[in-house]
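# Structural overview
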Amino acid sequence: MANGMSDDDKVGILVVDDQPNQLLSHEAILCELGERLVTARSGREALQRLMDEDFAVILLDVNMPDMDGFETASLIHQHPRFEKTPIVFVTGAQPTTLDRLKGYRVGAVDYVEVPVVPEILRSKVAVFVDLNRQRRDLQRLNDALQAEIAQRRNAEEAVRHSREKEVLLQEIHHRVKNNLQIITSLLRMQSRAVQDPAFSEALRECQNRVASMALIHDKLYRARDLARVSFAEYVRDLTNNILTSYALPARSVRVRLDIDDLSLGLDYAVPCGLILNELMSNCLKHAFPVGRSGTVYIGFHAEGEEELCMVVRDDGLGIPADVDLGRTSSLGWRLIRALVEQLGGVVQCQTAGGTSVEIRFTRQNAPQDQASAVRGESPHAQV
Ligand SMILES: Nc1ncnc2c1ncn2[C@@H]1O[C@H](COP(=O)(O)OP(=O)(O)O)[C@@H](O)[C@H]1O
Ligand SMILES: [Mg+2]
């Protein structure tokens, strides 16, 4: 029945009797159950055993010197830990109804009479052993369930926290974008209000710079990933904004985009966006004077795991011989040089047959980017 059980799986049966031969006889009958049998020679010893371990059932002799079975049972059941431990009384003679009642009052669940019928004693004890094992299994199941509930609760809490954080971050991007948009509107209004064309132009350029940052926060606010911008999408929108801002005569300049769909964190997206804004603005401003048409090529590629290469090329006039882009104190290139330094990158310029600017930098902790990319001409990039 219970053979092959580990000691941990066995349940305890406490047999209490002052007579050694009775204890031996009970042991002989009950050892077949294969459980853990513990004996005690008196009520006091029984109480001591109970302090050490739990029992599925107590077989308790009624007639014992010093402290009889009733007294022992009453003391046992006074203790909160054992108040539900079943007690089967063993009585020498046929117990009277009064005795039985007395026993039930102190917590007896059953009676057996001496001489005991082995099968009856075994069956009665086996019932309590089974009950105890079921209760133990249920307790284990319950513990496991409680642990799972606690685990789930923690996981839910973590999800809720991260959702709250996301909502907060989204809100921040939204507000930053709104504030930057207010600044661009102010600059636009100011640019229109001033009479001096050079000053007006400077204000418009500032407006584009701020707008290029606002666009990043707009993208982040709308994106599923609140920390990274899809750079291809960003460049497409940035290009359209700049083209709209310069309002070149129809069809004079085409823009060709060739951008790997990399997602960039704010640390990279903002400086890259600002650099692109400067380079693209320069193409539209300087490379194609009235009457000259051409193409601006914008490329952005990952080379290897972490190196990125950004190219802006035009087939326009080329850089005037007297301008050294590495040293010029004009604001646009001063900004570009500072931002490239911030990225830890290097710039290479070529001015044969137009202008080509190539910027390379290494990205730390580059994530796995998707393979898709934006190629071809931007739908609005033709003006
Ligand atoms: N793509 C280009 N094509 C022709 N000339 C350019 C181009 N980019 C820059 N330049 C020249 O380099 C100069 C410095 O550029 P920049 O520092 O951006 O100043 P800004 O655009 O305000 O004039 C420009 O004034 C222009 O003469
Ligand atoms: Mg410029």
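Relevant structure appears above.
Residues numbered from 1 in each chain as written. Chains lettered and ligands numbered in written order. Predicted model: local features only at pLDDT ≥ 70, side-chain atom pairs only at ≥ 80, totals over all residues. Heavy atoms only, no water.

The next point concerns the site of ligand 1. Close to ligand 1 lie 15 residues, the nearest being N282, H286, D314, S330 and W333. Between an oxygen atom of ligand 1 and a side-chain N or O atom of N282, the distance comes to 2.9 Å. In the complex, 84% of the free accessible area of ligand 1, which totals 530 Å², lies under the protein chains. Of all the elements in the fold, those that place two or more residues in the shell around ligand 1 are α8 (266-287) and α9 (331-343). Considered class by class, the residues forming the shell around ligand 1 number 7 nonpolar, 6 polar and 2 charged. (Near = heavy atom within 4 Å. Polar contact = N/O pair within 3.5 Å; in protein donor to acceptor, adjacent residues only side chain to side chain. Areas by Shrake-Rupley, 256 points an atom, 1.4 Å probe, with all protein chains shown as cover. Helix = DSSP H or I, 4+ residues; strand = E, 2+ residues; numbered from the N terminus. Nonpolar A, V, L, I, M, F, W, Y, C, P; charged D, E, K, R; others polar.)

Here D17 is to be found in the loop between β1 (12-16) and α1 (20-30). Here D17 sits buried without a salt bridge, and the closest side chain of opposite charge, R41, lies 7.3 Å off (N-O distance). D17 has contacts with Q22, L23, H26, A40, R41, D61 and M64, leaving out every residue within four places of it along the chain. (Buried < 20%, exposed > 50% of the residue type's maximum accessible area, 1.4 Å probe, protein only. Lys, Arg positive; Asp, Glu negative; His and termini not counted. Salt bridge = Lys/Arg side-chain N within 4 Å of Asp/Glu carboxyl O. Contact = heavy atoms within 4.5 Å.)

Read across the open sheet, the 5 strands follow the order β2-β1-β3-β4-β5; overall the sheet is parallel. Looking at which strands have only one partner, the edges of the open sheet turn out to be β2 (36-40) and β5 (108-113). Each strand of the sheet is rotated relative to its neighbour by a mean of 20 degrees, with strand direction disregarded. Bridge count for β1 against β2 is 5 bridges, and the pairing is parallel. Bridging from a neighbouring strand, G12 pairs with R36 of β2. Packed on one face of the sheet, helix α3 (residues 69-78) meets β3 (57-61), β4 (87-91) and β5 and runs near 175 degrees to β4. (Pairing = 2+ DSSP bridges. Axes fitted to C-alpha atoms, helices over the stretch in contact; angles between N-to-C directions.)

Looking at chain direction, β4 and β5 are connected through 5 bridges and run parallel. Residue pairing across strands places F89 opposite Y111, the latter belonging to β5.

With an omega dihedral of 0 degrees, the bond running from V114 to P115 counts as a cis peptide bond. Its location among the elements puts P115 in the loop between β5 and α5 (118-193). In this model, D66 sits at a positive phi of 70 degrees, which is unusual for a non-glycine residue. Positionally, D66 belongs in the loop between β3 and α3.

Quick look at the layout of surface pockets now. Using a probe with the size of a water molecule, rolled over the atoms, empty space left in the structure can be pinpointed. Taken as a whole, the largest pocket spans an internal volume of roughly 470 Å³. For the largest pocket, the lining is made up of 25 residues, of which N282, H286, I319, L325 and W333 are closest to its centre. At the level of elements, α6 (197-222), α8, β10 (307-314), α9 and β12 (355-362) are the ones that each hand at least two residues to the lining of the largest pocket. Partitioned by chemical class, the residues of the lining of the largest pocket number 12 nonpolar, 8 polar and 5 charged. (1 Å grid on protein atoms, 1.4 Å probe; cavity = no way out; pocket = protein on both sides within 12 Å on 5 of 7 lines; lining within 4 Å. Points joined across faces, edges and corners; volume = space filled by probe spheres on them.)

Each packed pair of helices is defined by two parameters, the angle between the axes and the distance between the axes. It is at 10 Å that the axes of α6 and α8 come closest, and there the two elements cross at 145 degrees. Between α6 and α8 lies a crossing whose hand is right-handed. Listed contacts from α8 to E201, E205, N208, R209, S212, M213, I216, H217 and L220 of α6 are L266, A269, V270, G273, L274, N277, E278 and K285. Each residue belonging to the contact of α6 with α8 can be placed in one class, and the counts come to 7 nonpolar, 5 polar and 5 charged. (Left-handed = near helix turned anticlockwise from the far one by under 90°.)

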